[in-house]
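Residue-level structure breakdown
Now for the letters of each chain:
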Amino acid sequence: MISSTNDASSLNASSSSSLLSVRIQPDWNSSIGGGGNAVKFWVNVTTSENSKFYGNLKFDFSKKELVKEDLPDKLTIQNVIGSKSLVLKWNNEKEFKFISPSTFFSDVNNKKTINSIDISPGGQLGITGGNDGLVRVWDATNGTVRRDLIGHVGDVYHVRFLPSGKVAMSAGADFQIKIWDLSDGTCGASLKGHKGGITCFDFINRGRNFISTSRDGTCKLWDCATQSEITTLCSVSSHLTSCSVASNATLSKNVPALDEKEFDTDGKIGLCVSDNGVFRVFDIRTRENIISRAVDGSLTCCTFIEDGNIALVGSATGQLFTYDLRKSEEELESKQTVPYPIQSISRNGKWFTTADGGCFLNNYSNNSSIELTGPDCDPLYGVATTVDGKKIYTAGRDGVVRQYILQ
């Protein structure tokens, strides 16, 4: 049976080969590797001329191979590695790789919505925050819950390990940023100052200072050592949805600190985005605005890549924008487009998630694309990777953490 597009695991692929997208059944891997009769999973192909092809791939257990049903000759099966990865090719030009989860943890958050996920610097631990107000620390190899960090009232929107891996931070709808000692699970401090739900934060170097964004429209600079707010870096009339910090000595002025509580803010720039489409880059040291741009639609997430020279921004219109800070006159450039809102970007900028449950490689190449499959229509709100990038973890509305291992 052919599913509707709302049930699809999707991969956008605009290219010179006139292919617009290939969509496959999200649980395609369950059709491979079993026994008994042949099992099908659906595949949809749409070209840029809006020609549509609906068919199936069927695993023939007697032959131990995939065969096509009602699919065009231009779509070929290139490689199948067990039930873990599938490679299709269009017109012998565009390659599509689909990777299924290596494992999944369904009990990390009791199958309740997860809004944010992070992996410790050593890769041994994971942390999640969700709509039940709990922050949970768990074993990244098997999903066993190590600690429940209790203290938030309402949804938790953002969680992170500090660079040491021994301390974590969380923030959410209760206007609070909490600092947790992971050795015993105690809350060492609760920082207050925002007047709206806190959507994101990012650390400056080792994390003594950090910045945060909020639905109150402000981006603030904080000091962990004194557990206090240093200043408001910017204030806008709309909700700020995400922020990021990078080192960039070219754009940040070498001047004395404006506050004695500042630590390592020299040479640092900040990025924040808002739900009215405004993108801002500012000098954390001087508080001065460096670049402001605006696009149609809400901006949902952001990060710096390439040593702080490029800003990467996701939008509710499904566009992934880049901005080269070395070219101050240019506008935000849409490098990639997907059919659904972009929900999150990994901190290394390599992966992004969407509102239909997709997790895609941020790949500017027109010759290959990679999708991590699994969720069926449930939005993915977070994606995190190990430091070496070989393991990727996703989480979202269905409350399941999925782990993917790249070969």
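Residues numbered from 1 in each chain as written. Predicted model: local features only at pLDDT ≥ 70, side-chain atom pairs only at ≥ 80, totals over all residues. Heavy atoms only, no water.

1. A word on the overall build of the protein chain
Of the regular secondary structure elements, the protein chain holds zero helices and 36 strands. Overall, the protein chain is about 70 × 50 × 30 Å in size when its C-alpha atoms are taken along their principal axes. A total of 407 residues make up the protein chain; the buried ones form 57% of that total. By sequence separation, contacts in the protein chain at least 24 residues apart represent 45% of the contacts at least 6 residues apart. Carbon and sulfur atoms make up 45% of the accessible area of the protein chain, which amounts to about 16600 Å² in all. Side-chain charges of the protein chain comprise 42 positive and 45 negative groups, with the mean position of each set lying 3 Å from the other. (Helix = DSSP H or I, 4+ residues; strand = E, 2+ residues; numbered from the N terminus. Buried < 20%, exposed > 50% of the residue type's maximum accessible area, 1.4 Å probe, protein only. Contact = heavy atoms within 4.5 Å. Areas by Shrake-Rupley, 256 points an atom, 1.4 Å probe, with all protein chains shown as cover. Lys, Arg positive; Asp, Glu negative; His and termini not counted. Charge placed at Lys NZ, Arg CZ, Asp CG, Glu CD.)

2. Overview of the pairing of strand E19 (residues 209–214)
For E19, a buried count of six out of six residues is recorded, marking the element as mostly surrounded by other parts of the structure. With six bridges joining them, strand E18 (residues 198–204) and E19 adopt antiparallel strand pairing. When the bridges of E19 are listed, Phe 203 appears paired with Phe 210. Turn length for the E18-E19 hairpin, with the two strands adjacent in sequence and antiparallel, is four residues, and the turn residue Asn 205 shows positive phi of about 55 degrees. Where E19 and strand E20 (residues 218–223) come together, five bridges link them in antiparallel fashion. Following the sheet pairing, Ile 211 is matched in E20 by Leu 221. (Pairing = 2+ DSSP bridges.)

3. Quick notes on the side chain of Ser 244
For Ser 244, the position within the fold is in strand E22 (residues 240–247). The exposure class of Ser 244 is buried, given its relative accessible area of 4%. Residues contacting Ser 244, with those up to four places away along its chain left out, are Asp 202, Ile 211, Ile 269, Gly 270, Leu 271, Cys 302, Thr 303 and Phe 304.

4. Re the sheet that holds strand E16 (residues 176–181)
Spatial strand order, E14-E15-E16-E17: four strands in an open sheet with antiparallel pairing. Either end of the sheet is taken by a strand with one partner, and the two such strands are strand E14 (156–161) and strand E17 (186–192). Averaged over all neighbouring strand pairs, the angle between strand axes comes to 20 degrees, with direction disregarded. One ladder, built from six bridges, connects E16 with E17; its direction is antiparallel. When the sheet's bridge partners are listed, Trp 180 is paired in E17 with Cys 187. (Axes fitted to C-alpha atoms, helices over the stretch in contact; angles between N-to-C directions.)

5. Regarding the side chain of Asn 248
Tracing the backbone shows Asn 248 in the loop between E22 and strand E23 (268–274). A residue is classified by how much of its surface remains accessible, and Asn 248, at 5% relative accessible area, is buried. Here Leu 251 takes part through its backbone nitrogen, which lies 3.1 Å from a polar atom of the side chain of Asn 248. Discounting residues that sit within four places of it in the chain, Asn 248 has contacts with Gly 267, Ile 269, Gly 308, Asn 309 and Leu 325. (Polar contact = N/O pair within 3.5 Å; in protein donor to acceptor, adjacent residues only side chain to side chain.)

6. Some words on the environment of Ser 100
Relative to the helices and strands, Ser 100 is located in the loop between strand E8 (94–99) and strand E9 (103–105). Distance from Ser 100 to Arg 293, taken between C-alpha atoms, is 37 Å for residues 193 residues apart in sequence. Each residue touching Ser 100, except ones within four places of it in the same chain, is listed here: Trp 28, Asn 29, Ser 83, Lys 84, Thr 373 and Tyr 404. A distance of 2.7 Å separates the side chain of Ser 100 from the backbone oxygen of Ser 83, its partner in a polar contact.

7. Some remarks on the state of the cysteines
Considering all chains together, one arrives at zero disulfides under this definition. There is no disulfide at Cys 200, and the cysteine sulfur nearest it, in Cys 243, is 3.9 Å away. The buried category is assigned to Cys 200, whose relative accessible area is 7%. Residue classification places Cys 243 among the buried positions, given a relative accessible area of 4%. (Disulfide = S-S within 2.5 Å.)

8. Re the environment of Trp 222
Examined against the element boundaries, Trp 222 turns out to sit in strand E20. Note: C-alpha distance between Trp 222 and Thr 394 (172 residues apart in sequence) is 29 Å. Setting aside its immediate chain neighbours within four residues, Trp 222 contacts Ile 177, Leu 191, Lys 192, Gly 193, His 194, Arg 208, Asn 209, Phe 210, Ser 212, Ser 228, Glu 229 and Ile 230.

9. A look at the sheet that holds strand E13 (residues 145–149)
Reading across the sheet, the four strands line up as E10-E11-E12-E13 and stay open at both edges, with antiparallel pairing between neighbours. On the outer flanks of this sheet lie strand E10 (114–119) and E13, each paired with one strand and no other. Across this sheet, the average inter-strand angle for adjacent strands is 20 degrees, counted without regard to direction. Two elements, strand E12 (residues 135–139) and E13, share four bridges in a ladder whose sense is antiparallel. Bridged to Trp 138 within E13 is Val 145.

10. Digging into the pairing of E22
In terms of burial, E22 is largely enclosed, as seven of its eight residues are buried. Pairing geometry for E22 and E23, over seven bridges, is antiparallel. From the neighbouring strand, Ala 246 faces E23, where its bridge partner is Ile 269.

11. Section: unusual backbone geometry
Most peptide bonds take the trans form, and the phi angle of most residues other than glycine is negative. Even without glycine at this site, Asn 91 takes up a positive phi of about 55 degrees. Within the secondary structure, Asn 91 sits in the loop between strand E7 (85–90) and E8. Of note, the phi angle at Glu 306 is positive, near 55 degrees, even though the residue is not glycine. Turning to its location among the elements, Glu 306 is positioned in the loop between strand E26 (299–305) and strand E27 (310–315).

12. Description of the pattern of salt bridges
A side chain of one charge can pair with a side chain of the opposite charge if their charged atoms are brought near each other. Enumeration over the complete set of coordinates arrives at 16 salt bridges. A salt bridge links Arg 293 to Glu 331; the nearest nitrogen and oxygen atoms lie 3.5 Å apart. Taken together, the residues Arg 293 in strand E25 (residues 289–294) and Glu 331 in the loop between strand E28 (319–324) and strand E29 (333–337) connect sequence positions 38 residues apart. On the basis of relative accessibility, which here comes to 18%, the residue Arg 293 falls in the buried class. What emerges from the salt-bridge pattern is a single network uniting Asp 118, Arg 160, Asp 202 and Arg 347. (Salt bridge = Lys/Arg side-chain N within 4 Å of Asp/Glu carboxyl O.)

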